[in-house]
Amino acid sequence: MFRDEARIEVLAGKGGDGHASFHREKFVPLGGPDGGDGGDGGDVVMIASANLNSLLPIGRRFRYRAQDGEAGRTKLKAGKDGLELVLEVPIGTQVFDAERGNLLRDLATDGQRLVIVRGGRGGKGNARFANSVRQAPKHAEKGRPGEQRGLRLELKLFAEAGLVGLPNAGKSTFLSAVTAATPKIADYPFTTLAPQVGIASLSESETIVLADLPGLIEGASEGHGLGHKFLKHVERCRAILHLVDCSPDSITDAVEAWRVIEAELAAFSPELAEKPRLVLATKVEGEEAEARAAELERAVGKRVWRVSSARRSGLREVLVEAHRLVRGVPAY
Ligand SMILES: Nc1nc2c(ncn2[C@@H]2O[C@H](COP(=O)(O)OP(=O)(O)OP(=O)(O)O)[C@@H](O)[C@H]2O)c(=O)[nH]1
Ligand SMILES: [Mg+2]
């Protein structure tokens, strides 16, 4: 699990001022008051959306402001209300008041709405102040200011795609190449001892949450090695990225490595056996590695994605495909 956080300030729209005017017409010298009311300022509203998975986009800006209400006009015309500002956040976002620290709401379901700050009421025009005693009020009311509030947003993230493979396959290196995460990387097996999560950005608004997991070995599903504990973790992911070392230096044959891991996933649970997945050939940096990747592709029977984290090649293509795969699969 991973914590994502953002701090923002929201400001609702100001109410429009009421207008002060008097009815004018030819040959009617003393018209009554006809100043219209100001419109209300817009609210700032937060909505939980299943299409988002990170607070990164909303955190790129600090201040958010809804539209002000329009001022009233003559002839009793009211000003238009300001538009509300809708901020979309991922499902599971917790909204805290930044100053007091208290939880305002947990946005737990798709489409859930929370009005965070209310727009100021529009001021009354002078027409409203007329009565039998004061028939020509000259003053109108000012619009009220909108509410303002500092917020802290917090999101507990579950990985969408889990990186699996034999020890040394290059899982941690891949995570560090495509996200800001800094897992430990080394040329010996079992470097990674606990899952680590990172967010890869495809564009301003599209991200994918990846989990780097400890390497799996033969018998993992029966409790061998370190990986078995984390197969439970993979079950919660929507997709699997299966990484296979294809470098000429690898002592394990790529096809054999792939078979071992697939057998462990299948033995662990039918859910894991059927989870959507991509097969990645890692460390593909020359003809020999490419030949291994091609052989692997024949065994797998579907596309094998060639990557090199060291040269940063093939990474974007894989992320785009993984994102597509994850989006096509329902959330658990
Ligand atoms: N040449 C090359 N070496 C790589 C690449 N990716 C990873 N390596 C090397 O492969 C070794 C293992 O990398 P890790 O990322 O630690 O492998 P891992 O799969 O996380 O290993 P465990 O945590 O033990 O399961 C390290 O020496 C890396 O530098 C790559 O794209 N090219
Ligand atoms: Mg690792």
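Cut-offs used in this document
Residues numbered from 1 in each chain as written. Chains lettered and ligands numbered in written order. Predicted model: local features only at pLDDT ≥ 70, side-chain atom pairs only at ≥ 80, totals over all residues. Heavy atoms only, no water. Helix = DSSP H or I, 4+ residues; strand = E, 2+ residues; numbered from the N terminus. Contact = heavy atoms within 4.5 Å. Axes fitted to C-alpha atoms, helices over the stretch in contact; angles between N-to-C directions. Parallel < 35°, antiparallel > 145°, perpendicular 65-115°, else oblique. Nonpolar A, V, L, I, M, F, W, Y, C, P; charged D, E, K, R; others polar. Domains from an automatic or database assignment. Buried area = accessible area lost by both parts, 1.4 Å probe. Salt bridge = Lys/Arg side-chain N within 4 Å of Asp/Glu carboxyl O. Polar contact = N/O pair within 3.5 Å; in protein donor to acceptor, adjacent residues only side chain to side chain. 1 Å grid on protein atoms, 1.4 Å probe; cavity = no way out; pocket = protein on both sides within 12 Å on 5 of 7 lines; lining within 4 Å. Points joined across faces, edges and corners; volume = space filled by probe spheres on them. Left-handed = near helix turned anticlockwise from the far one by under 90°. Near = heavy atom within 4 Å. Areas by Shrake-Rupley, 256 points an atom, 1.4 Å probe, with all protein chains shown as cover. Sits in = over half its atoms within 2 Å of the grid points. Pairing = 2+ DSSP bridges. Expected span 1.5 Å × (residues − 1). Buried < 20%, exposed > 50% of the residue type's maximum accessible area, 1.4 Å probe, protein only. Core = buried A, V, L, I, M, F, W, Y, C linked by side-chain atoms within 4.5 Å.

Q: Can you walk me through the side chain of Asn126 in this structure?
A: Turning to its location among the elements, Asn126 is positioned in the loop between strand E7 (113-117) and strand E8 (148-157). Ignoring any residue separated from it by four or fewer positions in sequence, one finds Asn126 in contact with His19, Ala20, Ser21, Phe22, Pro33, Asp34, Gly35, Pro137, His139 and Ala140.

Q: Any chance you could explain the packing of helix H2 (residues 171-178) against helix H7 (residues 315-327) here in plain terms?
A: How two helices pack is summed up by the angle between their axes together with the distance between the axes. Axis separation between H2 and H7 bottoms out at 11 Å; the angle between their running directions is 90 degrees. By the angle class used here, H2 and H7 are roughly perpendicular. Along the contact surface, H2 presents Phe174, Ala177 and Val178, while H7 presents Leu315, Val318 and Leu319. Here the residues of the contact of H2 with H7 sort into six nonpolar, no polar and no charged.

Q: I would appreciate a short explanation of the domain arrangement of the protein chain in the present structure.
A: One frequent convention defines the size of an interface as the accessible area lost when the parts assemble. Domain annotation for the protein chain reports domain 1 (2-156) and domain 2 (158-327). For domain 1 and domain 2, the distance between their C-alpha centres works out to 48 Å. Tallying the contact residues gives nine residues for domain 1 and 11 residues for domain 2. Interface area for domain 1 against domain 2, summed over the two sides, is near 830 Å², with a carbon-plus-sulfur share of 51%. Summed over the shared surface of domain 1 and domain 2, the result is zero salt bridges. Counting across the interface, domain 1 meets domain 2 through zero residue pairs in polar contact (both at pLDDT 80 or more). Among the residues making up the side of domain 1 that touches domain 2, the classes are represented as four nonpolar, two polar and three charged.

Q: In this structure, what is going on with the environment of Glu70? I would like to understand it.
A: For Glu70, the position within the fold is in the loop between strand E3 (63-65) and strand E4 (85-90). Measuring from C-alpha to C-alpha, the distance between Glu70 and Ile208 comes to 41 Å, with 138 residues separating the pair along the chain. Those residues in contact with Glu70, other than ones at most four positions away along the chain, are Gly16, Gly38, Gly39, Gly79 and Lys80.

Q: Can you help me understand the layout of surface pockets in this one?
A: Over the atoms rolls a probe the size of a water molecule, and its path tells where empty space is left. Roughly 700 Å³ of volume is contained in the largest pocket. Pro167, Asn168, Ala169, Gly170 and Lys283 are, among the 39 residues lining the largest pocket, the residues nearest its centre. Counting only elements with at least two residues in the lining of the largest pocket, the list comes to H2, strand E12 (239-245) and helix H4 (254-268). Broken down by class, the residue content of the lining of the largest pocket amounts to 17 nonpolar, 14 polar and eight charged.

Q: Just checking my understanding: could you explain the packing of H4 against helix H6 (residues 287-300) for this structure?
A: Relative to each other, H4 and H6 sit at 40 degrees, their axes nearing to 8 Å. The orientation of H4 relative to H6 falls into the category oblique. Between H4 and H6 lies a crossing whose hand is right-handed. Packed against H4, whose contacting residues are Ala254, Val255, Trp258 and Arg259, the element H6 presents Arg292, Glu295, Leu296, Ala299 and Val300 at the interface. Residues of the contact of H4 with H6, tallied by class, amount to six nonpolar, no polar and three charged.

Q: What's the story with the site of ligand 1 in this structure? I'm lost.
A: Taken together, 21 residues sit near ligand 1, with Lys171, Ser172, Thr173, Phe190 and Glu285 positioned nearest. Note that an oxygen atom of ligand 1 is positioned 2.9 Å from one of the backbone N or O atoms of Gly170. The side chain of Lys283 places a nitrogen or oxygen atom 2.9 Å from an oxygen atom of ligand 1. Here ligand 1 loses 84% of its free accessible area of 650 Å² to cover by the protein chains. With respect to the pocket detection grid, ligand 1 is positioned in the largest pocket. Looking at the shell around ligand 1, its residues break down into eight nonpolar, nine polar and four charged.

Q: Looking at this structure, how should I read the sheet that holds E7?
A: The strands that make up a sheet pair up through hydrogen bonds in the backbone, lying either parallel or antiparallel. With mixed pairing, three strands are arranged side by side in an open sheet as E4-E2-E7. One side of each edge strand has no neighbouring strand; the edge strands of this open sheet are E4 and E7. The mean inter-strand angle of the sheet, taken between neighbouring strand axes irrespective of direction, is 30 degrees. In this structure, strand E2 (residues 44-49) lies alongside E4, joined through six bridges in parallel fashion. Bridge assignment links Val45 to a residue of E4, and that residue is Val86.

Q: Quick question: what am I supposed to make of H4 here?
A: Note on helix geometry: an α-helix contains 3.6 residues per turn, so any two residues three or four positions apart are oriented the same way. Compared with the 21 Å implied by 1.5 Å per residue over 15 residues, the 21 Å span of H4 between its first and last C-alpha is a close match. Looking at H4, one finds that the buried residues are Ala254, Val255, Ala257, Trp258, Val260, Ile261, Glu262, Glu264 and Leu265. Between the side-chain oxygen of the N-cap and the backbone nitrogen of Val255 there are 3.3 Å, and the N-cap of H4 in question is Asp253.

Q: Can you walk me through the nonpolar core in this structure?
A: What tends to happen in soluble globular proteins is that the nonpolar side chains get buried as a cluster. By size, the foremost hydrophobic cluster in this structure holds 28 residues, and its most contacted members are Ile8, Val10, Met46, Ile58, Leu87, Leu151 and Leu153. Elements with a minimum of two residues in this core: strand E1 (2-11), E2, E4, E7, E8, strand E10 (196-201) and strand E11 (207-212). Here this core gathers at least three residues from each of two domains, domain 1 (2-156) and domain 2 (158-327). With residues near it in sequence (within four places) discarded, Leu151 still touches Ala6, Arg7, Ile8, Val10, Met46, Val95, Phe96, Ala98, Leu104 and Ile116. Within the second largest apolar cluster, 27 residues are counted, among which are Ala254, Val260, Leu265 and Val300.

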